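Here is how the chains run, residue by residue.
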Amino acid sequence: MKKLIAGNWKMNGSLAANEKLLKDILAGLGQPACQVAVGVPAIYLAQCQALLAGTAIDLGSQDISAQEVGAYTGEISGAMLKEFGVRYAIVGHSERRQYHGETDELVALKAQRALGCGITPIVCVGETLAEREAGKTDEVVKRQLAAVIHTNGHCISEIVVAYEPVWAIGTGKTATPEMAQQVHALLRAQLKAASEHADRIQLLYGGSMNAANAASLLAQPDIDGGLIGGAALKPQDFLTIIAAAA
Ligand code: PGA
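Just so we're clear, the structure is a prediction, and the values are computed from it rather than from any experiment.

### Concerning the sheet that holds strand 4 (residues 86-91)
A barrel is described by the order of its strands in space; here 8 strands give the closed sequence 1-2-3-4-5-6-7-8, paired in parallel fashion. Here the average twist between neighbouring strands, direction ignored, is 25 degrees. In the sheet, strand 6 (residues 160-163) pairs with strand 7 (residues 203-206) via 3 bridges, with the strands oriented parallel. Its bridge partner lying in strand 7, Ala 162 is registered against Leu 204. Contacts between helix 2 (residues 45-52) and the sheet are confined to strand 2 (35-39), strand 3 (57-61) and strand 4, with strand 3 contributing the most and set at about 170 degrees to the helix. Sheet strands in contact with helix 5 (residues 104-116) are strand 4 and strand 5 (120-125), and its direction is about 160 degrees off that of strand 5.

Here it is as structure tokens:
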């Protein structure tokens, strides 16, 4: 299976900065051996759609409404995202779970809504530092993924999963390749029990993945790509990670 390197820009960028970033990445990209995507702030989807048309980089959103249409102030529906060429939607990022109160059940519904609109959800799971220290890592990620499996049934083979230990996000502390692989193997087994096509589900690692550590993480048997925050805002670092996923 091809690997997937997806940038998560979070709440960063501007019209000028986005244009420069994408042009710099495209200038060095060539024909990538892996899939590449960027998750941009919703307000810049139209701009990025135009800049990425006909290129090897797919467009992603950072969220999607669990609702279809109607009186949901501030929300953006899957159908709207689809109109702007969105192929991936990040769902259940730990920052949304933490700051916006997203529950396992809501995340599962968002994944379902994305799939219903022909958008691939990148479902994020991961434990906090306190949960890891309490020995609850396996329990937490299994619970988070179980909700998504429960709601989505056999469609589960169409999702992407990102394991992002919360303590590693934006902190410069990366899980060691072995630590990450251990959780990825667990998630793979859980997906296999739910779908005979689980082998084709891309399992991404995220959390301070950078140009220096990407190759060793991506060499693990169950790490099929990366969800990249900070390093996705630096063209040369993002390109190095893409090259490491060849
Ligand atoms: P980071 O963010 O690479 O800056 O740690 C990853 C993420 O939150 O998706």
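### Regarding helix 8 (residues 177-194)
Spanning 18 residues, helix 8 covers 26 Å between terminal C-alpha atoms, matching the ideal 26 Å at 1.5 Å per step. By the burial criterion, the buried members of helix 8 are Pro 177, Ala 180, Gln 181, Val 183, His 184, Leu 187, Arg 188, Gln 190 and Leu 191. The secondary structure elements touched by the buried residues of helix 8 are strand 5, helix 6 (129-133), helix 7 (137-152), strand 6, strand 7 and helix 9 (214-218).

### Examining the site of the ligand
Contacts to the ligand come from 13 residues, most closely from Lys 10, His 93, Glu 164, Gly 170 and Ser 208. Ser 208 is positioned with one of its backbone polar atoms (N or O) 2.7 Å from an oxygen atom of the ligand. Between the ligand and Gly 229 there is a distance of 2.9 Å, counted from an oxygen atom to a backbone nitrogen or oxygen. Here the residues of the shell around the ligand sort into 4 nonpolar, 7 polar and 2 charged.

### Here we look at the pairing of strand 8 (residues 225-228)
Neither face of strand 8 is left uncovered, since the one carrying Gly 225 and Leu 227 and the one carrying Gly 226 and Ile 228 both have all their residues buried. Summarising the sheet, strand 1 (residues 4-8) and strand 8 pair through 4 bridges and their orientation is parallel. Across the sheet, the residue bridging to Gly 7 is Ile 228, located in strand 8.

### Notes on unusual backbone geometry
Positive phi is not limited to glycine here, since Lys 10 has a value of about 55 degrees. Following the sequence through the fold, Lys 10 ends up in the loop between strand 1 and helix 1 (15-29). Even without being a glycine, Ser 208 presents a positive backbone phi close to 55 degrees. Exposure remark for Ser 208: the relative accessible area of 17% places this residue in the buried category.

### A few points about the side chain of Glu 127
Looking at the secondary structure, you find Glu 127 in the loop between strand 5 and helix 6. There is a polar contact of 2.7 Å between the side chain of Glu 127 and the side chain of Arg 132. Within polar-contact distance, the side chain of Glu 127 engages the side chain of Trp 167 at 2.9 Å. Each residue touching Glu 127, except ones within four places of it in the same chain, is listed here: Arg 132, Thr 137, Val 140, Val 141, Tyr 163, Glu 164, Pro 165, Val 166 and Trp 167.

### A closer look at helix 2
Two residues of an α-helix separated by three or four positions point the same way, owing to the 3.6 residues in each turn. Those residues of helix 2 that sit buried are Leu 45, Gln 47, Cys 48 and Leu 52. The buried residues of helix 2 occupy an angular sector of 160 degrees when the element is viewed end-on, so they sit on one face.

### Thoughts on the environment of Leu 186
Assignment of secondary structure puts Leu 186 in helix 8. A residue is classified by how much of its surface remains accessible, and Leu 186, at 21% relative accessible area, is partly exposed. Taking the C-alpha atoms as reference points, Leu 186 and Val 161, 25 residues apart in sequence, are found 12 Å from one another. With residues up to four places along the chain from it excluded, the contact list for Leu 186 reads Asp 138, Val 141 and Lys 142.

What counts as what
Residues numbered from 1 in each chain as written. Predicted model: local features only at pLDDT ≥ 70, side-chain atom pairs only at ≥ 80, totals over all residues. Heavy atoms only, no water. Pairing = 2+ DSSP bridges. Helix = DSSP H or I, 4+ residues; strand = E, 2+ residues; numbered from the N terminus. Axes fitted to C-alpha atoms, helices over the stretch in contact; angles between N-to-C directions. Contact = heavy atoms within 4.5 Å. Expected span 1.5 Å × (residues − 1). Buried < 20%, exposed > 50% of the residue type's maximum accessible area, 1.4 Å probe, protein only. Near = heavy atom within 4 Å. Polar contact = N/O pair within 3.5 Å; in protein donor to acceptor, adjacent residues only side chain to side chain. Nonpolar A, V, L, I, M, F, W, Y, C, P; charged D, E, K, R; others polar. Arc of directions from axis to C-beta.

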